[in-house]
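If you want the building blocks of each chain, they are given just below.
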Amino acid sequence: MTLLRYRNFAVGAALVLAGGATLLATSSFAWGRAPAVDPALFPRIIALLLITVGIVIVVLGATQARRGTELPSEGGEGVPVDIEIPAELLADREPEGTDAKSGILLAVLVTVYAIGAFQLGFATSTFLFLIVGSLVLGHRRGLRGLVSVGIVAVAITVAYYVGFFVLLGVREPTTLLL
Amino acid sequence: MISNSVQMASIYTDGWALVLNPTTLLLILGSVLVGMAVGAIPGLTATMSVAVLVPLTFTMDPTSAVGVLAGVWLGSLYGGTLPAILINMPGTPADLMTTLDGYPMSRRGEAGRAIGIGVLSSFFGGILSVIVLGIAGPALASVARNFGSPELFSVAVLGLSVIAFVSGKSMAKGVASALIGLLVGTIGRDLFTGQPRLNFDEAQLIGGVEFIAIVVGIFGLSEVLEQVYKRQHLLKHRPQKVRNVFSALKDVWPLKWVVARSSVIGTLAGVAPGAGPTIASIISYGTQKQISKNPEKMGKGAPEGVAASDSANNAASGGSLLTMLSLGIPGDAVTAILLGALVVQGVQPGPLLFESEPELVSSIFISLLLANVALLVIGLLGARYFAKVLNVPRTILYPTVAVACVAGTYAVRGSAFDVGVMLIFALVGFVFARADIPKAPLVLAVILGPILEINLRRMLQLSDGDVGTTLGTLASSPVAAPILLVTIALFAAPIIRKLVSKRFGHSSKTETSDAVSERK
């Protein structure tokens, strides 16, 4: 089974599960009430539609896979019009690939940063995050690279701190450090 | 009749007092600059720049807030032209068509000329769309003032259906995204009874999920993760030097009809729900290629290609604001974000806004006008400096944007819980991208969901819960009925087309094999 078919099965299954979970979550509301006073009416309609669409996606995915007419991946926000880009222009573009490791590391770092910003201190966490984040993404690690990223991290941290908490008057979270 | 005319005229004049102050003017100028800088970086979309900067507008008055967001939006639409021309990478999806002719022009040393044509075309496209918005907006609002529940329900259904239909290549996944957005919109207190639902006993969810947290997560942080996943942080660019931008001033006059036509196409495409600058520029480019006197030159460095694309994508901005301001129904992700930002400011877009706050509506038109003027001036004078933005290391840029997402989300309500919501929706956005599920329908559905639900339940309430009577009410409305028919046709047409082509394909196969057997 191709990856695409697995993906469509996963998407369809997730939608069916989401629909089922919604029906379960609204089960505490009585059925058959007058629509105007039934808070569960709209969520239940959506839940049933989710289950239906989930099944449709699974079936469509399986049918397309059997016929070999699966659509190529295009990132979700693709324009639904086929555009022919001349080959010589395509050749000038950088080769594509993926870096899941850096993506996951950055996601984990952002989460740790978000926790640190509201427990440890916004400025401290921002400064550390900018340095570690840049290094994780491949910034130069020599002395010069570290100094440059350190200076930039200080400048950006100060800019954010002054911008949000001084100029915009956002309430500063109560933390151990600054 | 005279007092009506005076009232109408005041909608174009009342706003000057609100806009013409140094703070607002500086904010508009600054926001266009920021938008251009952000748009010039491939991967940082116009939607993302508006989403990440929305929290910064909450301490501003509504006029300044709209001016800033419009400036960022228009600036980033233009800014995306720079990498499209200089390094063959569109800064925003709306600049995809600009690469086809802009980059070849750049390769033969005409980067400045291409950028100049892009700036001027964007300016004229933007101005035309603001004029259309100014004329059609009040007219549409006066019609919509008489809309009742059936009409509002049907327009919301159409808007959601169109965006689900046009986003991405899979209609089913577009619908799924919209349904998830509708579900998210039901979290919190029920609008009729006040009972909490789907909030999992979490007090912070009683008021619903914070819309800005959703938007920043899905269009902001998620995009950063997407860029890193696609190794964009490793790319290094050495764009050509930008010279002779002003030489385009004499180049645009021969292209005046291209710009005019593309501006009209862009404005109309922007009005259509779900279509936005990207689709506007594609339709415009395609149309220009059809009617060009030299179609063989398009795609090889023809200035008309750059003009057609850039005027349309900027013109779409005014068009898409039309339904948002006049009906209170956004047509795409950016206008959904703008609507959310206005609601947080205590301003409810819709037909009543034109009556209750004409000076605010007027100030919105004027802000857009001034943002386009700022775009022209900064675009022509600053093009070669903005090109240097491409040299900013993304290893520093992406973490900086991530900080903006976290801090900006926190700034909305001073709530760390919202930051958690933002992180969750960043994950949702990333998963959507991997699963080829479009994100725009989800965001629109969060906004449109309450409108759909309120009006549906009102209709059911008025018909004592009788579904048949409710359907009859919809069918008998001269506005709702045709709109719902269009919605049904939207979904039915591709299915019918597939069935017909299967049948004809089967028939012709049968005829061919019959003919072959007869010959034998």
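Each value, and the rule that gives it
Residues numbered from 1 in each chain as written. Chains lettered and ligands numbered in written order. Predicted model: local features only at pLDDT ≥ 70, side-chain atom pairs only at ≥ 80, totals over all residues. Heavy atoms only, no water. Helix = DSSP H or I, 4+ residues; strand = E, 2+ residues; numbered from the N terminus. Buried < 20%, exposed > 50% of the residue type's maximum accessible area, 1.4 Å probe, protein only. Contact = heavy atoms within 4.5 Å. Areas by Shrake-Rupley, 256 points an atom, 1.4 Å probe, with all protein chains shown as cover. Patch = residues over 30% accessible without salt bridge, like charges linked within 9 Å, V, L, I, M, F, W, Y side chains within 5 Å. Salt bridge = Lys/Arg side-chain N within 4 Å of Asp/Glu carboxyl O. Core = buried A, V, L, I, M, F, W, Y, C linked by side-chain atoms within 4.5 Å. Expected span 1.5 Å × (residues − 1). Buried area = accessible area lost by both parts, 1.4 Å probe. Polar contact = N/O pair within 3.5 Å; in protein donor to acceptor, adjacent residues only side chain to side chain. Nonpolar A, V, L, I, M, F, W, Y, C, P; charged D, E, K, R; others polar. Lys, Arg positive; Asp, Glu negative; His and termini not counted. Phe/Tyr/Trp six-rings, centres within 6.5 Å; stacked < 30°, edge-to-face > 60°. Lys NZ or Arg CZ within 6 Å of the ring centre and 35° of its normal. pLDDT = per-residue confidence, 0-100. Axes fitted to C-alpha atoms, helices over the stretch in contact; angles between N-to-C directions. Parallel < 35°, antiparallel > 145°, perpendicular 65-115°, else oblique. Left-handed = near helix turned anticlockwise from the far one by under 90°.

A. Up close: the overall build of chain A. Tallying secondary structure elements over chain A gives six helices and zero strands in all. Put simply, chain A runs from its N terminus to its C terminus through helices and strands in the order α-α-α-α-α-α. Sorting the 178 residues of chain A into buried and exposed places 37% on the buried side. Considering only residue pairs separated by 6 or more positions, chain A has 58% of its internal contacts joining residues 24 or more positions apart. Looking at chain A as shown, the accessible area adds up to about 9900 Å², and 69% of this sits on carbon and sulfur atoms.

B. Structural detail: a nonpolar patch on the surface. Residue and element names in this part refer to chain A. Taken together, the side chains of Val154, Val158, Val162, Val166 and Leu167 define a hydrophobic patch exposed on the protein surface, amounting to about 440 Å² of accessible area. Topologically, valine 162 is positioned in helix H6 (residues 143-167). With a relative accessible area of 34%, valine 162 lands in the partly exposed category.

C. Region of the structure containing the pattern of salt bridges. Residue and element names in this part refer to chain B. Counting across every chain of the model gives 14 salt bridges over all chains. Between glutamate 223 and lysine 439 there is a salt bridge whose closest N-O contact spans 3.0 Å. Linking glutamate 223 in helix H11 (residues 211-229) with lysine 439 in the loop between helix H20 (416-434) and helix H21 (440-462), this pair joins segments that are 216 residues apart in sequence. The exposure classification of glutamate 223 matches that of lysine 439, with both residues buried. Aspartate 418 serves as the salt-bridge partner of arginine 413, at 2.8 Å between the closest nitrogen and oxygen. For aspartate 418, a relative accessible area of 1% corresponds to the buried category.

D. Molecular detail of the nonpolar core. Residue and element names in this part refer to chain B. Of all hydrophobic cores here, the largest spans 192 residues; its most connected members are Val50, Leu160 and Met422. Considering each element in turn, this core owes the most residues, 14 residues, to helix H18 (residues 358-386). In contact with valine 50, not counting residues within four places along its chain, are Leu69, Val72, Trp73, Val334, Ile337 and Leu338. Among the nonpolar cores identified, the runner-up in size contains six residues, and Met97, Leu100, Ile282 and Met298 belong to it.

E. Expanded view of helix H15 (residues 303-327) of chain B. Across its 25 residues, H15(B) extends 37 Å between first and last C-alpha, which sits within 8% of the 36 Å expected from 1.5 Å per residue. H15(B) sits mainly inside the fold: 25 of its 25 residues count as buried.

F. Representation of the interface of chain B and chain A within the structure. Each side of the interface is counted separately: chain B has 80 residues, and chain A has 78 residues. Both sides together, the interface formed by chain B and chain A hides about 6600 Å², and carbon and sulfur atoms give 73% of it. If you look at where chain B meets chain A, you find one salt bridge. On the surface where chain B and chain A come into contact, there are 11 residue pairs in polar contact (both at pLDDT 80 or more). Taken together, the elements giving at least two residues each to the side of chain B that touches chain A come down to helix H7 (96-107), helix H10 (171-185), strand S2 (196-197), H11, helix H14 (277-291), helix H19 (394-413), H20 and H21 of chain B. The element best represented in the side of chain B that touches chain A is H19(B), accounting for 14 residues. Classifying every residue of the side of chain B that touches chain A by side-chain character gives 47 nonpolar, 18 polar and 15 charged.

G. Spotlight on helix H13 (residues 256-271) of chain B. Residues and elements named next belong to chain B. Between its first and last C-alpha, H13 extends 23 Å over 16 residues, near the 22 Å set by a 1.5 Å rise per residue. Of the positions making up H13, those classed as buried are Val258, Val259, Ser262, Ser263, Ile265, Gly266, Thr267, Ala269 and Gly270. On its buried face, H13 is in contact with helix H8 (111-144), H14 and H15.

H. Broad picture of the side chain of A:Asp99. Inspection of the secondary structure puts A:Asp99 in the loop between helix H3 (87-91) and helix H4 (100-119). Buried charge without a salt bridge: A:Asp99, with B:Arg231 as the nearest opposite-charge side chain at an N-O distance of 5.5 Å. Those residues within four positions of A:Asp99 in sequence are excluded, and the remaining contacts are B:Val228, B:Tyr229, B:Arg231 and B:His233.

I. Local environment of the packing of aromatic side chains. According to the stated counting rule, one finds seven aromatic pairs over all chains in the structure shown. When the ring of A:Tyr113 is compared with that of A:Phe129, the centres are 4.8 Å apart and the planes differ by 20 degrees; the resulting orientation is stacked. With A:Tyr113 in helix H4 and A:Phe129 in helix H5 (residues 122-136), this pair connects stretches of sequence that are 16 residues apart. Note on accessibility: A:Tyr113 and A:Phe129 belong to one class, buried. Their ring planes at 20 degrees and their centres at 6.1 Å tell us that A:Tyr160 and A:Phe164 sit as a pair that is stacked. Here A:Tyr160 pairs with A:Phe164, and both are found in helix H6, just four residues apart, close to one helical turn. Site record: aromatic cluster; members linked through ring pairs are A:Phe122, A:Tyr161 and A:Phe165. For the cation-ring pair, B:Arg434 lies above B:Phe430, with the distance from its terminal atom to the ring centre recorded as 5.1 Å.

J. Broad picture of the confidence of the model for chain A. Residue and element names in this part refer to chain A. Per-residue confidence for chain A gives a mean pLDDT of 80; residues scoring 70 or more make up 80%. By mean pLDDT, the top-scoring element of chain A is H5 (92), and the lowest-scoring one is H3 (51). Taken together, the stretch residues 71-83 has pLDDT below 50 and engages in 30 contacts with residues farther than four places along the chain or on a different chain.

K. Summary view of the side chain of B:Glu151. Residue and element names in this part refer to chain B. Checked against the element boundaries, glutamate 151 lands in helix H9 (residues 149-166). Among buried Asp, Glu, Lys and Arg side chains, glutamate 151 stands out as unpaired, with arginine 458 the closest opposite charge at 10 Å. Here the side chain of glutamate 151 touches glycine 148 through a polar contact of 2.8 Å, landing on its backbone nitrogen. When near neighbours in sequence (up to four residues on either side) are disregarded, glutamate 151 contacts Ser477, Val479 and Ala480.

L. Region of interest: the packing of H11(B) against H20(B). Residues and elements named next belong to chain B. Where H11 contacts H20, the two axes come as close as 7 Å, and the packing angle between them is 50 degrees. In terms of orientation, H11 and H20 fall into the oblique class. Every pair of crossing elements has a handedness; the one defined by H11 and H20 is right-handed. Only Asp418, Val421, Met422, Leu423, Phe425, Ala426, Val428, Gly429, Phe430, Ala433 and Arg434 of H20 make contact with H11, whose side of the interface consists of Ala213, Ile214, Val216, Gly217, Ile218, Leu221, Ser222, Leu225, Glu226 and Tyr229. Looking at the contact of H11 with H20, its residues break down into 15 nonpolar, three polar and three charged.

M. A look at the packing of H9(B) against H21(B). All names here are of chain B. Their axes nearest at 9 Å, the elements H9 and H21 cross at an angle of 155 degrees. Our classification of the angle between H9 and H21 gives roughly antiparallel. Here H9 runs over H21; the crossing is left-handed. Residues Ser149, Pro150, Leu152, Phe153, Ala156, Val157, Gly159, Leu160, Ile163 and Ala164 of H9 touch H21, and the partners they reach there are Ala440, Pro441, Leu444, Ala445, Leu448, Ile451, Leu452, Asn455, Leu456, Arg458 and Met459.

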